[in-house]
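Okay, here's what each chain looks like letter by letter:
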Amino acid sequence: EAQVTQNPRYLITVTGKKLTVTCSQNMNHEYMSWYRQDPGLGLRQIYYSMNVEVTDKGDVPEGYKVSRKEKRNFPLILESPSPNQTSLYFCASTSSQVLQGGYEQYFGPGTRLTVT
Amino acid sequence: QQQVKQSPQSLIVQKGGISIINCAYENTAFDYFPWYQQFPGKGPALLIAIRPDVSEKKEGRFTISFNKSAKQFSLHIMDSQPGDSATYFCAARRSRDDKIIFGKGTRLHILP
């Protein structure tokens, strides 16, 4: 079964305490991305990765780091979380191959982060 | 900043009716224009995507219409059902690196 997993699903933390949200996919997809979803703002891309060791900034990268050491994993790191990073976070993986004029993409179930 | 503008913010449609959501984009560097469906408490799911060299794409009751000259595209849901009630997002995607810009979403409610 095609799957993108994220952990933890819920996290409450305090300002400044480093945290990592893990993301893993089992479809051998080349592309992986992180998004945050906020009411009224929709989904915004934080970072994206085209393959191992290749990452690039999305529209809201400030305060976040990522790494892509293995194809299946793409962790999101908040070195010093702040309250404005309280949000719902989604990881996604996407195939680079075109299938019948389209492509394959899956999102994880989300991580709800609260920073106090 | 590159934008994808989506309207309306919310939409109520009678069961069996046609739901129409519109989007407009600014940057022509994107080569896919997808639509996503999101139910409460779930991640978005890719519904259907179109390339700019195609004017229409249909999958079941879902159709994307694309107007390249106007930089606009729309999602039509035919014979709308209560199970279609969800938030829908349009987006513009650059396939060479998977950069994606989303619209702000439309909350669709289908009356039974």
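In this report, we go over the structure that sits alongside the text. None of these values were measured; they are calculated from a predicted model.

**Focus: the interface of chain A and chain B**
The parts lose accessible area when they come together, and the size of an interface is often stated as this lost area.
Move 1: Opposite the 25 residues of chain A that make contact, chain B presents 26 residues.
Move 2: When the buried surface of chain A facing chain B is broken down by residue, Leu43(A), Asp59(A) and Tyr103(A) rank first, second and third, together holding 30% of it.
Move 3: On the surface where chain A and chain B come into contact, there are one salt bridge.
Move 4: Between chain A and chain B we count ten residue pairs in polar contact (both at pLDDT 80 or more) in total.

**Describing the sheet that holds strand S3 (residues 19–25) of chain B**
Residues and elements named next belong to chain B.
Move 1: Judged by pairing direction, the sheet is antiparallel, and its five strands sit side by side in the order S1-S3-S8-S7-S6 without closing on themselves. Because the sheet does not close on itself, it has two edges, and the strands there are strand S1 (4–7) and strand S6 (56–59). Each strand axis lies, on average, 15° off the axis of its neighbour in the sheet, ignoring direction.

**Regarding the nonpolar core**
Move 1: By size, the foremost hydrophobic cluster in this structure holds 25 residues, and its most contacted members are Val4(B), Phe33(B), Trp35(B), Phe73(B), Leu75(B), Tyr88(B) and Leu108(B).
Move 2: Mapped by element, the contributors of at least two residues to this core are strand S2 (10–14), S3, strand S4 (33–38), strand S5 (45–50), strand S7 (62–67), strand S8 (72–77), strand S9 (86–94) and strand S11 (106–111) of chain B.
Move 3: If you tally residues by element for this core, the top one is S9(B), at four residues.
Move 4: Residues Cys23(A), Tyr64(A), Leu76(A) and Tyr89(A) belong to the second largest nonpolar core, which totals 19 residues.

**Considerations on the sheet that holds strand S3 (residues 19–25) of chain A**
Residue and element names in this part refer to chain A.
Move 1: Taking strand neighbours across the sheet as the criterion, the four strands line up as S1-S3-S8-S7 in an open arrangement whose pairing is antiparallel. Lying at the two open borders of the sheet, with one neighbouring strand each, are strand S1 (4–7) and strand S7 (65–66).
Move 2: By the bridge criterion, two bridges tie S7 to strand S8 (residues 76–78) in an arrangement that is antiparallel. Across the sheet, the residue bridging to Val66 is Leu76, located in S8.

What counts as what
- Residues numbered from 1 in each chain as written.
- Chains lettered and ligands numbered in written order.
- Predicted model: local features only at pLDDT ≥ 70, side-chain atom pairs only at ≥ 80, totals over all residues.
- Heavy atoms only, no water.
- Contact = heavy atoms within 4.5 Å.
- Buried area = accessible area lost by both parts, 1.4 Å probe.
- Salt bridge = Lys/Arg side-chain N within 4 Å of Asp/Glu carboxyl O.
- Polar contact = N/O pair within 3.5 Å; in protein donor to acceptor, adjacent residues only side chain to side chain.
- Pairing = 2+ DSSP bridges.
- Helix = DSSP H or I, 4+ residues; strand = E, 2+ residues; numbered from the N terminus.
- Axes fitted to C-alpha atoms, helices over the stretch in contact; angles between N-to-C directions.
- Core = buried A, V, L, I, M, F, W, Y, C linked by side-chain atoms within 4.5 Å.
- Buried < 20%, exposed > 50% of the residue type's maximum accessible area, 1.4 Å probe, protein only.

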